[in-house]
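Examination of the molecular architecture
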Amino acid sequence: MNPQTPARLTGSASMSFQNPVYVVSCASVVGKKEGEGPLGSKFDLVCEEPMFGEDTWEAAESTMQKEAAALALGKAGLTPGDIRMTFAGDLLAQTTASSFGIAGMGIPFYGLFGACSTIGESLSLGAMSVAAGYGEHILCATSSHFASAEKEFRFPLAYGNQRPLSATWTVTGSGVLSGTLPVPEIPEKTDPLISAEGCVQITGLTTGKLIDFGLKDSLNMGGCMAPAACDTIYRNFCDFDRTPDDYDAIFTGDLGAVGKRILLDLLKEKGYDIESIYQDCGLLIFDGETQDTHSGGSGCGCSASVLAAYILPELAKGTWKKVLFVPTGALLSKTSFNEGDSIPGIAHAVVLEHVSKKDQKQ
């Protein structure tokens, strides 16, 4: 392969970048419940008012995503005019939260849908675009809102339906990241991702496959998504000839308590034990003991906001050297569910690595 090729295909579904793509800034905006959770102090903005000053839940989500994008751009010293393209998505029909939100900033826009895995899809496409030279600066964004998701997929809030213990709580939140190919030359004070210790780069991807075990319970998303997470993590190990020892941490998107247990069991059947390094964003964002969220958090904004507020800053500081980030999604719609179809899952893996200031200069 030509050494100038921006990416090297690896195994059955992975690629590694010859020139790693740098994440130069990120921002997270969440709602009141998320702000009361264990990561509350780490989010850039916690809005106490769930409507975000708007008249509808959908408009509230759009405003939240747009605010997160503005914060991410500001940290990097960029304007919307500096961004070549945006990859963004949400849970709503026709990705309306993104269409009326970040797309209104006038940036060339690709709307995505990967359910709760959308930030993995966004980061993958953004990294490929930057590595291939199709834009120096790319913006990746996702969002979700508890009330808009309940309205879209389940029941109006006023219905007051009971939720089984396997159900997750859709996160009201948005996470936005900007990426670039050259080593970022941004003043250290602007963003924790460009710290005295170093910054973060994307070095590899594993694209997810649709995995369908025939489950039809829309209130057990963890069970529907866990097989897809297992498949993607397993193929990442095989494609890159790695084991769990090669990663300091593995994060899934929003499997929750039920899906986490299933994933660990499925991977053990394949000969891999990741329990000592594994965490789930849906279990990190809420306190299972004090917050009534049942199995944990979910939604496009779950893994995106945890990534922006917690995972990336810790990577930049060098807390971890190499992380496998695996957002997970359940690909159902109101139509498919009401027609009795099963709920396939998907998971996209992104390899994130710490790079020190010394390594940058070399």
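Look a little higher up for the structure.
Residues numbered from 1 in each chain as written. Predicted model: local features only at pLDDT ≥ 70, side-chain atom pairs only at ≥ 80, totals over all residues. Heavy atoms only, no water.

Some remarks on the overall build of the protein
Going by this rule: In this description a helix means any DSSP run of H or I spanning at least four residues, a strand means any run of E spanning at least two, and both kinds are numbered starting from the N terminus. To sort residues, take the accessible area from a 1.4 Å probe on protein chains only and compare it with the maximum for the residue type: under 20% means buried, over 50% means exposed, and anything in between is partly exposed. The criterion used for residue contact is that any of the two residues' heavy atoms lie within 4.5 Å. Accessible surface is estimated by sampling points in the Shrake-Rupley manner with a 1.4 Å probe; for residues, cover comes only from the protein chains shown.
Secondary structure summary: the protein contains 11 helices and 16 strands in total. Across the 362 residues that make up the protein, the buried fraction comes to 60%. Counted over contacts in the protein with a minimum sequence separation of 6, partners at least 24 positions apart contribute 77%. When the accessible surface of the protein is summed, it comes to about 14300 Å², and 51% of that surface belongs to carbon and sulfur atoms.

Structural notes on the pattern of salt bridges
Convention followed: Salt bridges are identified by distance alone: a Lys or Arg side-chain nitrogen within 4 Å of an Asp or Glu carboxyl oxygen.
What the rule picks out here adds up to 7 salt bridges. Salt-bridge contacts for Lys32 lead to Glu36; the nearest nitrogen and oxygen are separated by 2.6 Å. A salt bridge links Lys268 to Glu275; the shortest N-O distance between them is 3.6 Å. Note on Glu275: relative accessible area 39%, which makes it partly exposed. Shared partners join several salt bridges into a network, and the residues in it are Arg261, Asp265, Lys268 and Glu275.

A short note on unusual backbone geometry
One non-glycine residue, Gln94, lies in the positive phi region at around 55°. Checked against the element boundaries, Gln94 lands in the loop between strand 4 (85–89) and helix 3 (96–99). What makes Gln94 exposed here is its relative accessible area of 67%. The backbone of Thr95 sits at a positive phi, close to 45°, despite the residue not being glycine. Note that Thr95 resides in the loop between strand 4 and helix 3.

Examining helix 9 (residues 300–317)
Note the following rule: Helix span, expected: 1.5 Å multiplied by one less than the number of residues in the helix.
Compared with the 26 Å implied by 1.5 Å per residue over 18 residues, the 26 Å span of helix 9 between its first and last C-alpha is a close match. A positive phi of about 95° marks Gly318, the residue just after helix 9.

Re the side chain of Ser122
Mapped onto the elements of the fold, Ser122 is located in helix 4 (residues 118–131). What makes Ser122 buried here is its relative accessible area of 0%. Setting aside anything within four residues of it in sequence, one finds Ser122 in contact with Phe87, Leu112, Cys140 and Ala141.

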